[in-house]
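Structure assessment
Given next are the chains, with one letter for each unit.
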Amino acid sequence: MVGYDPKADGRNNSKLEVAVAGSVSGLVTRVLISPLDVIKIRFQLQIERLTRSDPKAKYYGILQAGRQILQEEGLSAFWKGHVPAQLLSIGYGAFQFLSFELLTELVHRANKHDTGEFSVHFVCGGLSACVATLGVQPVDVLRTRFAAQGEPKVYKTLRQAVVTMYRTEGPLVFYKGLTPTLIAIFPYAGLQFSCYNSLKHVYEWVLPAKAKTNENLKNLLCGSGAGVISKTLTYPLDLIKKRLQVGGFEQARATFGQAASRKK
């Protein structure tokens, strides 16, 4: 169950269980999708077109990029920045799920709306994601830089990265890309929570028998569908965020092609 349910007859999860569930789900997901996330970041930061017809393009396809990274940087490259990535996933998951639970419970106790409504899940989901983002933005910046750098590495350890970034770029470097992140994360998370709830109702209507006997399949399909919808609609702002987060870090990407320029 996602969100507070007043009809649960005492079966609501405790706040600790919600936070732990969010953290564990983030941890497991991060381990599994890290290789694709590294490739995604490389794609987002490449100025050249993602096509074989562009001779300057280093990457032009998922399989080609995977082979290229493996050949040049080794298997471990697909888990570059895994420590900050895990801190990001665990912290973000705990903050988001706990905040969403608290917000939907608050709305219910105010007796103004049904917490199952699409609009309530959209607003509470968006606000919970903003709270989580403010808490984990520094490790998101660190994760992006580790995944973006080529060989030889500019940052070899997490401690070195933190110290170097602070000394050379100041404390605000850890909040680079925060504005587009917050602009994107509200509708992204809002759509994710609200679409997940709506897709569950659709699933139960289309397959009423399976909905009662296979909860895991229902959650998997509805969660995946909600993620695809929300990510597709807010993806452009995620790209802008990644470009901002590596500003001033161009030397680490010298072998990757043209660097993005930002006019002041």
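Only a predicted model underlies this, so the values are computations on that prediction, with no experimental measurement involved.

1. Comments concerning the overall build of the chain
Assigned secondary structure in the chain consists of 8 helices and 0 strands. Starting at the N terminus, the α and β elements of the chain follow one another as α-α-α-α-α-α-α-α. Residues classed as buried in the chain amount to 44% of the 264 residues present. For the chain, the proportion of contacts with a sequence separation of at least 24, taken over those separated by at least 6, is 73%. If you sum the accessible surface of the chain, you get close to 14200 Å²; carbon and sulfur atoms cover 65% of it.

2. Concerning a nonpolar patch on the surface
There is a patch of nonpolar side chains on the surface, built from Val20, Val24, Leu27, Val28, Val31, Leu32, Ile33, Leu70, Leu75 and Trp79 and spanning about 850 Å² of accessible area. Residue contributions to the nonpolar patch peak at 7 residues, all from helix H1 (residues 15-45). Here Trp79 is to be found in the loop between helix H2 (62-73) and helix H3 (82-109).

3. A word on the packing of helix H4 (residues 118-148) against helix H6 (residues 178-206)
At a closest axis distance of 7 Å, the pairing of H4 and H6 adopts a crossing angle of 140°. Here H4 lies oblique to H6, going by the angle between them. H6 is crossed by H4, and the crossing has right-handed handedness. Residues that form the contact of H4 with H6 fall into these classes: 16 nonpolar, 11 polar and no charged.

4. Some details on the packing of aromatic side chains
Throughout the structure, instances matching the rule amount to 3 aromatic pairs. A centroid spacing of 5.8 Å and a plane angle of 75° characterise the contact between Phe122 and Phe186, whose relative ring orientation is edge-to-face. Pair noted here: Phe122 is in helix H4 and Phe186 is in helix H6, with a separation of 64 residues, a long-range link. With a relative accessible area of 24%, Phe186 lands in the partly exposed category. The residue whose ring lies beneath Lys231 is Tyr188, and the NZ or CZ to ring-centre distance is 4.9 Å.

5. Quick notes on the nonpolar core
Grouped burial of nonpolar side chains is what soluble globular proteins tend to show. Counting 22 residues, the largest nonpolar core has Ile39, Ile69, Tyr155 and Met165 as its most contacted members. Of all elements in the fold, only H1, H2, H4 and helix H5 (158-169) reach the threshold of two or more residues within this core. Contacts of Ile69, omitting those with residues within four sequence positions, involve Val38, Ile39, Arg42, Tyr59, Gly74, Ala77 and Phe78. Ranked by size, the runner-up nonpolar core spans 10 residues in total, among them Tyr92, Ala129, Cys130 and Val136.

6. Thoughts on the pattern of salt bridges
The final tally for this structure, using the stated rule, is 11 salt bridges. Its salt-bridge partner being Glu73, residue Lys80 comes within 2.6 Å of it at the nearest N-O pair. Each of the two residues, Lys80 as well as Glu73, counts as buried. Three or more residues joined by partner-sharing salt bridges are found here, namely Asp37, Lys40, Asp140, Arg143, Asp238, Lys241 and Lys242.

7. Some details on the confidence of the model for the chain
Considering every residue of the chain, the mean pLDDT works out to 79; 81% of them sit at 70 or more. Looking across the chain, the model is least confident in helix H7 (residues 208-213), with a mean pLDDT of 66, and most confident in H5, with 91.

8. As for the environment of His108
Along the chain, the position of His108 falls in helix H3. Sequence separation between His108 and Val120 is 12 residues; the distance between their C-alpha atoms is 9.8 Å.

9. Looking at the side chain of Arg42
With respect to the helices and strands, the residue Arg42 is situated in helix H1. Judged by relative accessible area, which is 1%, Arg42 ranks as buried. Among the polar contacts made by the side chain of Arg42, one reaches the side chain of Glu73 at a distance of 3.0 Å.

10. Focus on the packing of H6 against helix H8 (residues 215-245)
The contact between H6 and H8 brings their axes to 8 Å, and the two run at 165°. Our classification of the angle between H6 and H8 gives roughly antiparallel. Between H6 and H8 lies a crossing of right-handed hand. Of the residues contributing to the contact of H6 with H8, the split by class is 19 nonpolar, 8 polar and 5 charged.

Calculation notes
Residues numbered from 1 in each chain as written. Predicted model: local features only at pLDDT ≥ 70, side-chain atom pairs only at ≥ 80, totals over all residues. Heavy atoms only, no water. Helix = DSSP H or I, 4+ residues; strand = E, 2+ residues; numbered from the N terminus. Buried < 20%, exposed > 50% of the residue type's maximum accessible area, 1.4 Å probe, protein only. Contact = heavy atoms within 4.5 Å. Areas by Shrake-Rupley, 256 points an atom, 1.4 Å probe, with all protein chains shown as cover. Patch = residues over 30% accessible without salt bridge, like charges linked within 9 Å, V, L, I, M, F, W, Y side chains within 5 Å. Salt bridge = Lys/Arg side-chain N within 4 Å of Asp/Glu carboxyl O. Axes fitted to C-alpha atoms, helices over the stretch in contact; angles between N-to-C directions. Parallel < 35°, antiparallel > 145°, perpendicular 65-115°, else oblique. Left-handed = near helix turned anticlockwise from the far one by under 90°. Nonpolar A, V, L, I, M, F, W, Y, C, P; charged D, E, K, R; others polar. Phe/Tyr/Trp six-rings, centres within 6.5 Å; stacked < 30°, edge-to-face > 60°. Lys NZ or Arg CZ within 6 Å of the ring centre and 35° of its normal. Core = buried A, V, L, I, M, F, W, Y, C linked by side-chain atoms within 4.5 Å. pLDDT = per-residue confidence, 0-100. Polar contact = N/O pair within 3.5 Å; in protein donor to acceptor, adjacent residues only side chain to side chain.

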